Amino acid sequence: MRIWCCFGFDEDDEERVRFGLGGMKDDIFSSEGDGNSEDMENDESESLQLGLGFGRRPSHEEEAEKEEEEEEEEDIFLGEINFGEREKVGDDLFPCGPMTGIGNYGWFDGSASTSGNGSRDVDELEADEEALKRDNCLRDTHHKRPKVHSYSREYNFATAMTSDAGNSRLSINGDLNAFRGSLVPYRSEDAFVSSIFHHGGDEGPANSIHENYEGHGSDSMSIEDSEIRMDLTDDLLHMVFSFLDHINLCRAAIVCRQWRAASAHEDFWRCLNFENRNISVEQFEDICRRYPNATEVNILGAPSIHLLLTEAVSSLRNLEALTVGKGQLGDSFFHALVDCHMLRSLIVNEATLGNGIQEIPINHDRLRHLQITKCRVLRISVRCPQLETLSLKRSNMAHAVLNCPLLRDLDIGSCHKLSDAGIHLAATSCPLLESLDMSNCSCVSDETLRDIAHACGYLRVLNASYCPNISLESVRLPMLTVLRLDNCEGITSASMAAISLSNMLEVLELDNCSLLTYVSLDLPRLRDIRLVHCRKFVDLKLCTMMLSSITVSNCAALRWISITSNSLQVCHCSLDVRVDLSGNILFKELLYVMQKLVLQKQESLTTLSLQCQCLQEVDLTDCESLMNSICKVFSDGGGCPMLRSLVLDNCESLTDVRFCSNSLVSLSLVGCRAIIALQLLCPRLEQVHLDGCDHLEKASFCPVGLQSLNLGICPKLDVLSIEAPRMEVLELKGCGGLSEASINCPLLTSLDASFCSRLKDDCLAATAASCPRIESLILMSCPSVGLDGLLSLCWLRNLTLLDLSYTFLMNLQPVFKSCLQLKVLKLQACKYLTNSSLEPLYKEGALPALCELDLSYGTLCQSAIEELLACCTHLTHLSLNGCANMHDLNWGFGATQLLDVTVPRDSSGLFSHKGVHDPIELPNRLLQNLNCVGCPNIKKVFIPPTARCFHLSSLNLSLSANLKEVDVSCYNPCILNFSNCCSLEILKLDCPRLTSLFLQSCSIDVDSIAAAISECNMLETLDVRFCPKICSASLGLLRAVCPSLKRIFSGLSPS
């Protein structure tokens, strides 16, 4: 059997590739129409290779001569490949995808020639030959990758053969030679390794080849497009490949020969990871022969694990780390480990050792790390004189004999079958032991711990969690630094005497010690202590110089905590009555650096005494019993001069909060519903949260460093005083009881006083004088603001937005005189405005910068609205929603019809009252958005080209129930909304730039819609949902009339 390789190049092949273009003209691009079978044979015999893609197909005689010789060299690991089972081959051998195209020596059937129509110009091919020769000479002294021709020429050739149906074809399924060219034989190391990684894939190589050929362009592609320049030196490529895993190295190997050679370097294959891979013994043997210097092997979960281990131990003499498991390991494997002299680490996981009744010996002179976890074994004997770390965690052995004089770390956690005597024998035989984990070993006793402490004088870490029989009362561990005793039922207050003798102790964990009632420790090095879910725990007293973290939680009986420390950084406590955290009085000259204190959900905590000079964060959330005196603790002089963050959320007993602090930056009083008065003298305060302070009546922020403040959630606020030099945004929305306000914020730009119904003119005037930079002022539903207050707005030189909606204003003259820079004016539901209230806008040139005007739900008559629309041409946004007095929107009158309402424009672009009798032409309107939503009496909309609405982009007349006729002729509109206009019958549109038309719940028929959109060449979205006269069959007509439609929203009519 012959298997052709993507990268099976030798030196002779390379020479043929460089200089084999001469026969290309006579073979590949020969014409069937002009030749016969004899010509084809001659062409075939003379054909040479093209670029990197095509090799000369050997004759039948040559093939027969070499068949027997090459069959002997065939890779036994590829097995007998059935080329008809392409999916299986693709899955098992080529998980990284089809290895086709680049460097492909695939054969083509003798009938796969090209027609004369697909041949290229001879001169052009000769030029290509010369260019290829020059490119192959571009090799520098650093072995840079030369310019390499890609495989697009082969694909162009294949395309040319398939383009002329009936004359030529590419026989992929019939000729197996092309498929053979995509296979990777055992001679290609990296590609072979890729074959044993299961990467998935449903397509075989033959199918992939066929797709690749069809996916490329025709032979008209230029030579420049078929070239790939590679300028990576070998050293640089080696460095790049060092970041790739094995699968990606295999993928990189199929790019070119340089990448293949670089990816096969043994530096990348020193660690052979076949975890959970379906690798055969033959394949693994071949890998071991290819990379004999591999130092790490992982075959956890691989099949035939015992045979693989035998091969690894016998072949890889430099093996340093071995990981196995998920199978059965006989004692012969452990005996063979003696011959693996370089082994340093052995990991066995989830395996059955031996036959279950024999002792497993592990003897190795250089082994340093041994891990046998979750394994089934009766007895184990370890004799490793240099072993330093041993883990037998969760192994169900009953006996363990250790002869490891240098062992420092022993983990026998969750070895439930290991007896107390077995633990004693194992641990006491390791005199240099430093760390011992015997958690969940329920048989261990105080006597065993005492002997271990005596035999292991260097023991520093002990984990005895879930050991119910130990009390430590007679155990002395002077060198211990970490002690974990979680869920130890025998630990009581008497145990603290033994623990206090461990002067080097740094970490102590006593979670779920149900019998523990009292803890009094004087440990100078203690840094971290945990007491969680100790149900009977009452009193805690600590004296330490280095305490940095304490966690006391869910100790229902706890009544007292006394901590003396000069370095406490984090304190998490759960207690009921009182906390006394003070610095060590014997070291008053020291600066104590407690940084964070957390005391959450302490319903009975009423007072707190702190003397922590560097305390920065305090969290007292849900301490419902805290009294007002807590404010003195966190104010200047209260013992916390460096406090930056204070959280008092849901402290419902606080009524009068007063803080005076030069360090406080953040304050949270969320949910403190009982607070009536708030006074903050905190010049550095940047954040304050008052959500849920519903009963706040008086508030003073003088001075503060706030940039924004939201008091809209304080509906009962009556008196407000703010002095904030940096504040920019202030929201008082909903402070309906606010009657006195002193706001001194020179940088304030936005003020929202909506629904401040008691805010009067004097407050508004004072605010305008002290906050001259206000740009946005919202006074919606402020009925107490009158003419004097509006006149004071002259101080606001930058005011651009003014909202006076829902007020009782009858005269807008103060606004026209004071707000010369106004751009947005909102007068929604100002029902006391008369028809002449807005005349200064177009007769006197008031508010020259006004762009947006909102008159929704007003009482202006039809004539006033028409006059406003005709003359205020400088408006860009106009809202007339819900105007009941508006009957028609008719802009069909000409200039001669506007003599009574039109006036000439002055130099500012507005109209002047001079020369009212001189007829002029209506100027271009700047209107962009017009909203007339919910106008119940409007019946007709007529906007002809003479209206000169060249900028109108959006027109919204939805919910206008009596609208019957719409005639719009504008060039610019993009969105027209006539939804829920149930009386609409006539629709005429001449809007070439319209993109969206909404006709939801309209009674208009399909013919009217079709006629309307026939001239809308850019229409993309049409909404005709719930239109009773539109059925699904008529949608095709709409698409035919308007080909640009992309989306039509349609639905069933409501029943």
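By the naming in an unreviewed UniProt entry, the chain is F-box domain, taken from Dillenia turbinata.

What follows concerns the overall build of the chain. Per the secondary structure count, the chain includes 27 helices and 54 strands. Scored against the burial criterion, the 1055 residues of the chain give a buried share of 50%. At a minimum sequence separation of 6, the contacts of the chain that also span at least 24 residues come to 50%. Total accessible area on the chain is roughly 46,100 Å²; 49% of this is exposed by carbon and sulfur atoms.

Attention shifts here to the packing of aromatic side chains. The relation between two aromatic rings is expressed through the spacing of the ring centres and the mutual angle of the planes. In total, this model carries 6 aromatic pairs according to the counting rule given. Judged by centre distance (5.5 Å) and plane angle (85°), the rings of Phe241 and Trp259 are edge-to-face. You can see Phe241 sitting in helix α11 (residues 234-241) and its partner Trp259 sitting in helix α13 (residues 257-263), a full 18 residues away along the chain. Taken as a pair, Phe241 and Trp259 share a single burial class, namely buried.

Bringing the sheet that holds strand β9 (residues 359-363) into the picture now. Here we have 3 strands laid out as an open sheet, ordered β9-β11-β13, and parallel in their pairing. If you trace the sheet from one side to the other, it starts and ends with β9 and β13 (399-403), each paired once. On average, each strand axis in the sheet is tilted by 10° relative to the strand beside it, whichever way the strands run. Bridge analysis of strand β11 (residues 379-383) against β13 gives 5 bridges, and the strand direction is parallel. Each bridged residue has a counterpart across the sheet, and for Arg379 the counterpart in β13 is His399.

With that out of the way, let us pick up the nonpolar core. Ranked by size, the top nonpolar core spans 152 residues in total, and within it Phe634, Phe701, Phe978 and Leu997 carry the most contacts. Look past the residues within four positions of Phe701 in its chain and what remains in contact with it is Leu678, Leu680, Val688, Leu690, Leu706, Leu709, Leu711, Leu720, Ser721, Ile722 and Glu723.

Bringing the pattern of salt bridges into the picture now. Applying the stated criterion to the full structure yields 20 salt bridges. The shortest N-O distance in the salt bridge between Arg290 and Asp286 comes to 2.2 Å. With Arg290 and Asp286 both in helix α14 (residues 281-290) and 4 residues apart, this pair spans about one turn of that helix. Neither Arg290 nor Asp286 differs from the other in exposure class; each is buried. Two residues, Arg726 and Glu686, come together in a salt bridge whose shortest N-O distance is 4.0 Å. In this pair, Arg726 sits in the loop between β36 (719-723) and β37 (729-731) while Glu686 sits in the loop between β32 (677-682) and β33 (687-689), placing the two residues 40 residues apart along the sequence.

Looking at the chain as a whole, the pLDDT averages 76, with 72% of positions reaching at least 70. Under a pLDDT of 50 for its full length, residues 136-229 has, in the predicted model, 233 contacts with residues more than four places off or in other chains. Counting contacts from residues 894-920, a segment whose pLDDT is below 50, to residues more than four positions away or on other chains yields 44 contacts.

This part is about a nonpolar patch on the surface. Together, Leu236, Met239, Val240 and Phe243 line one region of the surface with nonpolar side chains, adding up to about 410 Å² of accessible area. Mapped onto the secondary structure, Met239 falls in helix α11.

Between helix α17 (residues 420-428) and helix α18 (residues 446-455), whose axes approach to 9 Å, the crossing angle comes to 5°. Relative to α18, the element α17 lies roughly parallel. Each of Asp420, Ile423, His424, Ala427 and Thr428 in α17 lies in contact with α18, whose residues at this interface are Thr448, Asp451, Ile452 and Ala455.

On the secondary structure map, Arg530 appears in strand β20 (residues 528-532). Classification of Arg530 by relative accessible area gives partly exposed; the value is 29%. The sequence separation of Arg530 and Glu509 amounts to 21 residues, and the corresponding C-alpha distance is 4.8 Å. Not counting the four nearest positions on each side in its chain, Arg530 is found in contact with Leu508, Glu509, Leu510, Asp511 and Thr551.

With that out of the way, let us pick up helix α25 (residues 862-871). Of all 10 residues making up α25, 8 are buried, and the element is well covered by its neighbours. What α25 keeps buried is the set Gln862, Ala864, Ile865, Glu867, Leu868, Leu869, Ala870 and Cys871. Against the buried residues of α25 lie α24 (839-843), β43 (852-854), β44 (877-879) and β45 (888-890).

Quick notes on the rules
Each chain carries its own residue numbering, running from 1 in the written order of its sequence. A pLDDT threshold of at least 70 governs which residues receive local features in this predicted model, and a stricter bar of 80 or more applies before side-chain atom pairs are shown or counted, although totals over entire chains, interfaces and linings include all residues. The side-chain numbers reported here are obtained from all heavy atoms of the structure, hydrogens and water having been left aside. Per the convention used, a helix needs a DSSP run of H or I reaching at least four residues, while a strand needs a run of E reaching at least two, with both numbered from the N terminus. Any residue under 20% of the maximum accessible area for its type is buried, any over 50% is exposed, and the rest in between are partly exposed; the area is computed with a 1.4 Å probe on protein chains only. Contacts between residues were defined by any pair of non-hydrogen atoms, one from each residue, lying within 4.5 Å. The accessible surface values rely on the Shrake-Rupley method and a 1.4 Å probe; as for residues, cover is taken only from the protein chains in view. Under the pairing criterion, centres of Phe, Tyr and Trp rings, with the six-membered ring standing for Trp, must be within 6.5 Å; the plane angle then separates stacked pairs below 30 degrees from edge-to-face pairs above 60, leaving the rest tilted. At least two DSSP bridges between two strands are required for those strands to pair. Here an axis means a line fitted to C-alpha atoms, over the contact stretch when the element is a helix, while the angle between two N-to-C directions is reported on a 0 to 180 degree scale. Put simply, a nonpolar core is a bunch of buried Ala, Val, Leu, Ile, Met, Phe, Trp, Tyr and Cys residues held in one set by side-chain atoms that sit within 4.5 Å of each other. One side-chain nitrogen of Lys or Arg within 4 Å of one carboxyl oxygen of Asp or Glu is enough to make a salt bridge. For every residue, the predictor assigns a confidence score, pLDDT, that lies between 0 and 100. Patch membership requires more than 30% relative accessible area and the absence of a salt bridge. Residues of like charge join within 9 Å; the nonpolar side chains Val, Leu, Ile, Met, Phe, Trp and Tyr join within 5 Å. Reported orientations rely on four angle classes, namely roughly parallel under 35 degrees, roughly antiparallel over 145, roughly perpendicular from 65 to 115, and oblique for the rest.

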